[in-house]
Amino acid sequence: MAWPGARLQEVWDLFRQLTSHAPDELSVWFQRFQFPQAPEMVAIDIAYLGDPERGRALVAAIDALGGAVADTRAVLSVANLGDITAEPTAPSPSVSRAELLTDLDDATVKVLLGESVAPLLNIQVRQLGGALGLPGAGARGPLPEQYVVYLLGLGVPQLRDAVSAKQNALVEALGAHISGAKPYTFLAPGESVAAAFDARTLERLRVLKRDRDADNVIRANFGVLG
C-alpha cells in the first residue's frame, strides 16, 4: 500500500501501531521512497502467514487510514512472497547499507522522518522479531533487535559518493540507536564478518567451511569466512 509523501507521519504511526502488537505470523515493512524527478511516496508492505480473514482483521487500520494510491494486497503462495515489494532481481548499480536498530524512540524517529530521502531511493524500516529472535535461529543465533533500517541509492558514478555520504550521515545521526551487530546478509563489501557473528560461532563456521569446502567453491559477495 502506498500513499503520497504528505501522509508520512500518519503512515509511520500506523506502522508503529501494527508492529507494536504483531503476532509472529505478521511481518510489516515501512518505506519512504523517491525516484529521480518524482515526488516522495510512503508505503507499507505486509505479509501474513495465516488465515486470510484473521490477517485482514489485524491490518484493518490500513483501510481506516484511507487515501492509498496503490493497494496490491492479495492472497499469495509462499513462492510468490518476493512479489510483495516488487524489488528487482536482476543485477543493478546500487549502494546499500543496513543497520540493526535498538529502538524506535523519538530521537530515532526524528532522524528517519526528518531527513529528506534524496539522494537515496529508499529509507526502509523492516520489522524483525518472531522466529528471528528465538534461540537457534540460523547460523548467527537469535536477533534481539526488533527493527532494521535499510538505506538504498543508485550506484551510478555521478551519484555514488552523494549516496554513500547520505547513508553515513543518517547512521551517524542514529548514533547509539544502532546496535553495531549485523546479520551476515546485511554486510557491505569489505565489512568484517566479526560484525555478524560472535567469536565462537565464527570459528565454528570457519571449521565447517574448511571441512566441507576445501576447494573454496562456495563464496559470497560479502565478508570472507575462510
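In what follows, the structure referred to is the one given above.
My aim in this report is to walk through the structure given alongside it, one point at a time. Quick caveat: nothing in here was measured; it's all calculated off a predicted structure. All residue numbers refer to position in the chain's written sequence, counted from 1. Totals for whole chains, interfaces and linings use all residues, but because this is a predicted model, local features are given only for residues with pLDDT of at least 70 and pairs of side-chain atoms are given and counted only at 80 or more. Note that the side-chain values use all heavy atoms of the structure and ignore hydrogens as well as water.

A word on a nonpolar patch on the surface. Residues enter patches when they are more than 30% accessible in relative terms and free of salt bridges; like-charged ones are connected within 9 Å and nonpolar ones (Val, Leu, Ile, Met, Phe, Trp, Tyr) within 5 Å. Using a 1.4 Å probe, accessible areas were evaluated by the Shrake-Rupley method; residue-level cover was limited to the displayed protein chains. Definition used for salt bridges: Asp or Glu carboxyl oxygen within 4 Å of a side-chain nitrogen of Lys or Arg. Nonpolar side chains collect at one region of the surface, where Leu49, Val78 and Leu81 lie side by side and expose about 280 Å² of accessible area between them. Following the sequence through the fold, Val78 ends up in the loop between helix H3 (60–65) and strand E4 (94–101). Helical segments are the DSSP runs of H or I of at least four residues, strand segments are the runs of E of at least two, and each set is numbered from the N terminus.

Attention now moves to helix H4 (residues 106–114). Here's how the labels work: a residue is buried when its accessible area is under 20% of the maximum for its type, exposed when over 50%, partly exposed in between, all with a 1.4 Å probe on protein chains only. Those residues of H4 that fall on the buried side of the exposure criterion are Thr108, Val109, Val111, Leu112 and Leu113. A contact between two residues is defined here by any heavy atoms of the two lying within 4.5 Å. Turning to H4, the residues buried within the fold contact helix H1 (8–20), strand E2 (26–33), E4, strand E5 (122–127), strand E6 (147–154) and helix H5 (157–174). Between N or O atoms, a polar contact is any pair within 3.5 Å; within protein, one atom must be a potential hydrogen donor and the other a potential acceptor, and residues adjacent in sequence are included only when both atoms are from side chains. Taking the backbone nitrogen of Ala107 as reference, a side-chain oxygen 3.2 Å away marks Asp105 as the first, capping residue of H4.

In summary, the pairing rule links any two rings of Phe, Tyr or Trp, Trp by its six-membered ring, whose centres are within 6.5 Å, and it sorts them by plane angle into stacked for under 30 degrees, edge-to-face for over 60 and tilted for everything else. What the rule picks out here adds up to 5 aromatic pairs. Every member of this aromatic cluster is reached through a ring pair, and the members are Trp12, Phe15, Phe30 and Tyr147. Should the NZ of a Lys or the CZ of an Arg lie within 6 Å of a ring centre and within 35 degrees of the ring normal, that charge is described as sitting over the ring. Taking the ring centre of Trp29 as reference, the NZ or CZ of Arg126 above it sits at 4.1 Å. When the ring centre of Tyr150 is taken as reference, the NZ or CZ atom of Arg126 above it lies at 4.6 Å.

With that settled, consider the environment of Pro91. Relative to the helices and strands, Pro91 is located in the loop between H3 and E4. With a relative accessible area of 84%, Pro91 lands in the exposed category. Taking the C-alpha atoms as reference points, Pro91 and Pro183, separated by 92 residues in sequence, lie 21 Å from one another.

Okay, helix H6 (residues 199–212) next. Every helix has an expected span of 1.5 Å times one less than the residues it contains. The terminal C-alpha atoms of H6 lie 20 Å apart, and with 14 residues this matches the ideal 20 Å at 1.5 Å per residue to within 8%. Among all positions of H6, only Thr201, Leu202, Leu205 and Lys209 are buried. Buried residues along H6 cover an arc of 100 degrees about the axis, so they all sit on one side. Facing away from the buried surface of H6 by more than 90 degrees, the exposed residues are Ala199, Arg200 and Asp211. Here, the arc refers to the directions that run from the helix axis to the C-beta atoms.

All right, on to the sheet that holds E4 then. Pairing between two strands requires that DSSP report at least two bridges joining them. If you walk across this open sheet you meet the 6 strands as E1-E3-E2-E5-E6-E4, and the pairing is antiparallel. Of all strands in the sheet, those bounded by a partner on one side alone are strand E1 (2–4) and E4. For this sheet, the mean angle separating the axes of adjacent strands, direction not counted, is 15 degrees. In this analysis, axes come from line fits to C-alpha atoms, helices being fitted only over the stretch in contact, and the angle between any two N-to-C directions falls in the range 0 to 180 degrees. Strands E2, E4, E5 and E6 of the sheet are contacted by H4, whose axis makes an angle of about 50 degrees with E2.

As a further point, take the side chain of Lys166. Relative to the elements of secondary structure, Lys166 occurs in helix H5. Within polar-contact distance, the side chain of Lys166 engages the side chain of Glu115 at 3.4 Å. Apart from the residues within four sequence positions on either side, Lys166 is in contact with Glu115, Ser116, Val117, Ala118, Pro119 and Leu120.

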